[in-house]
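Structural features, examined
Spelled out, the chains give:
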Amino acid sequence: MDFWLMWYDNGLTILLMIIGFILVLFAQIRINSAYSKYRRIQNYKGLTGYEVAKTILNANGLSNIEVYKTSGNLTDHYDPSKKLIRLSSAIYNGTSIASMAVAAHECGHAIQDKENYIFFKIRSFLYLGYFGLIVSLIGGLTGYIKLSILILFATVVFQLVTLPVEFDASRRGKKQLDMLNLSFDQDNSGIKSVLGAAAMTYVAGLLSSILQLLRLVLILGSRDRD
């Protein structure tokens, strides 16, 4: 089949690719919107993200975990190999509701690690999802469809297992904020909004990967019929 006919004669495959892109874009816009809004509102106690993180870690017997400041925007993460939390400058130094929510979420991951939360063990495979999207596009262009399908299928499986890790980290973080009296009623709706928007990015990523997998399967089926 001619290259251009492969892409344009099957409008469904193009539609799936567009829908996947829109899902990821929408989720990214939502997290940026929530973060932008609540980073301008100070949490009730005026605690920095660093103070929130250290308080939660110390209360859970994790005082050995260091909290470092890192560059970038929304680059916050827990590194299980080095047992440390990296918070972006705005979160580390900030006293906003967003700073409190993000810091608590990353501490949730540290607590998962301590308690050997089963789904956390595959957390490192999250980045395979981003790699999978690239492979999907390359596969459609180069003809390595079957290999791309296998890799993307593995990506979907890993992303699916990763979802409970993120939701659970947010649940644990919110619980710690409540138990340690770090947050108050004035903060809670904003914390919920920030954490909810962050979770949606993972949901959107999974759905996008599933759509890309279906797209490649349809392309493969179309080629087999020729």
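Residues numbered from 1 in each chain as written. Predicted model: local features only at pLDDT ≥ 70, side-chain atom pairs only at ≥ 80, totals over all residues. Heavy atoms only, no water.

1. Thoughts on the environment of isoleucine 22
Considering the arrangement of structural elements, one finds isoleucine 22 in helix H2 (residues 11-38). Taking the C-alpha atoms as reference points, isoleucine 22 and serine 208, separated by 186 residues in sequence, lie 8.7 Å from one another. (Helix = DSSP H or I, 4+ residues; strand = E, 2+ residues; numbered from the N terminus.)

2. So, the nonpolar core
Generally speaking, a soluble globular protein has its nonpolar side chains buried in company with each other. Counting 33 residues, the largest nonpolar core has Val52, Ile56, Leu57, Ile85, Leu87 and Leu177 as its most contacted members. Put simply, the parts of the chain that give this core at least two residues each are H2, helix H3 (49-59), strand S3 (84-88), helix H4 (89-93), helix H5 (97-114), helix H7 (145-179) and helix H8 (185-225). Broken down by element, the residue count for this core peaks at 10 residues, all from H5. The contact partners of valine 52, leaving out residues within four places of it in the chain, are Leu47, Met100, Ala103, Ala104, Leu177 and Leu182. Grouped together as the second largest cluster of nonpolar side chains are 10 residues, Leu163, Leu206, Leu216 and Ile219 included. (Core = buried A, V, L, I, M, F, W, Y, C linked by side-chain atoms within 4.5 Å. Buried < 20%, exposed > 50% of the residue type's maximum accessible area, 1.4 Å probe, protein only. Contact = heavy atoms within 4.5 Å.)

3. Brief notes about the pattern of salt bridges
Scanning all chains against the criterion turns up five salt bridges. For the salt bridge of lysine 174 with aspartate 178, the shortest nitrogen-to-oxygen distance reads 2.9 Å. Taken together, the residues span about one helical turn, with lysine 174 and aspartate 178 both in helix H7 at a distance of four residues. Among the charged side chains, a salt-bridge network with shared partners connects Glu115, Asp168, Arg171 and Arg172. (Salt bridge = Lys/Arg side-chain N within 4 Å of Asp/Glu carboxyl O.)

4. Comments concerning the pairing of S3
The element S3 is extensively covered by neighbouring structure, given that four of its five residues are classed as buried. One ladder, built from three bridges, connects strand S2 (residues 77-79) with S3; its direction is antiparallel. When the bridges of S3 are listed, tyrosine 78 appears paired with isoleucine 85. Counted between consecutive antiparallel strands, the loop separating S2 from S3 contains four residues, among which lysine 83 sits at a positive phi close to 55°. (Pairing = 2+ DSSP bridges.)

5. Quick word on the packing of aromatic side chains
A ring pair, where both rings are aromatic, is described by two values, the distance of the centres and the angle of the planes. Scanning the entire structure with this criterion turns up four aromatic pairs. Centroid distance tyrosine 44 to phenylalanine 184: 4.9 Å. Interplanar angle 50°. Geometry classified as tilted. Taken together, the residues span a long stretch of sequence, with tyrosine 44 in the loop between H2 and H3 and phenylalanine 184 in the loop between H7 and H8 at a distance of 140 residues. A relative accessible area of 29% means that phenylalanine 184 is categorised as partly exposed. With 5.8 Å between their ring centres and 65° between their planes, tyrosine 117 and phenylalanine 119 make a pair best called edge-to-face. According to the relative accessible area criterion, phenylalanine 119 is partly exposed, its value standing at 32%. Above the plane of the ring of tyrosine 117 lies arginine 172, whose end atom (NZ or CZ) is 5.3 Å from the centre. (Phe/Tyr/Trp six-rings, centres within 6.5 Å; stacked < 30°, edge-to-face > 60°. Lys NZ or Arg CZ within 6 Å of the ring centre and 35° of its normal.)

6. Observations regarding the packing of H5 against H7
How two helices pack is summed up by the angle between their axes together with the distance between the axes. Viewed as axis vectors pointing N to C, H5 and H7 meet at an angle of 110°, and their least axial separation amounts to 7 Å. Regarding the angle of H5 to H7, the classification is roughly perpendicular. Considering only the axes of H5 and H7, their crossing is right-handed. Where H5 approaches H7, its residues Met100, Ala104, His105, Gly108, His109, Ile111 and Gln112 are matched on the opposing element by Val165, Glu166, Asp168, Ala169, Ser170, Arg172, Gly173, Gln176 and Leu177. Classifying every residue of the contact of H5 with H7 by side-chain character gives six nonpolar, seven polar and three charged. (Axes fitted to C-alpha atoms, helices over the stretch in contact; angles between N-to-C directions. Parallel < 35°, antiparallel > 145°, perpendicular 65-115°, else oblique. Left-handed = near helix turned anticlockwise from the far one by under 90°. Nonpolar A, V, L, I, M, F, W, Y, C, P; charged D, E, K, R; others polar.)

7. Thoughts on the sheet that holds S2
If you walk across this open sheet you meet the three strands as S1-S3-S2, and the pairing is mixed. Two strands close off the open sheet at either side, each with one partner strand: strand S1 (66-70) and S2. In this sheet, neighbouring strand axes are inclined to one another by 30° on average, regardless of whether the strands run parallel or antiparallel.

8. Looking at the side chain of aspartate 79
Structurally, the position occupied by aspartate 79 is in strand S2. For the buried aspartate 79, which has no salt bridge, the nearest side chain bearing the opposite charge is lysine 82, at an N-O separation of 4.7 Å. A distance of 3.3 Å separates a polar atom in the side chain of aspartate 79 from the backbone nitrogen of lysine 82. (Lys, Arg positive; Asp, Glu negative; His and termini not counted. Polar contact = N/O pair within 3.5 Å; in protein donor to acceptor, adjacent residues only side chain to side chain.)

9. Points about the packing of H3 against H5
Following both chains from N to C, one finds H3 and H5 inclined at 30°, their axes separated by 8 Å at the closest point. As judged from the angle between their axes, H3 and H5 are roughly parallel. The two elements H3 and H5 meet at a crossing, and its hand is right-handed. On H5, the residues that touch Gly49, Val52, Ala53, Ile56 and Leu57 of H3 are Ser99, Met100, Ala103, Ala104, Cys107, Ala110 and Ile111. Per-class residue counts for the contact of H3 with H5 are 10 nonpolar, two polar and no charged.

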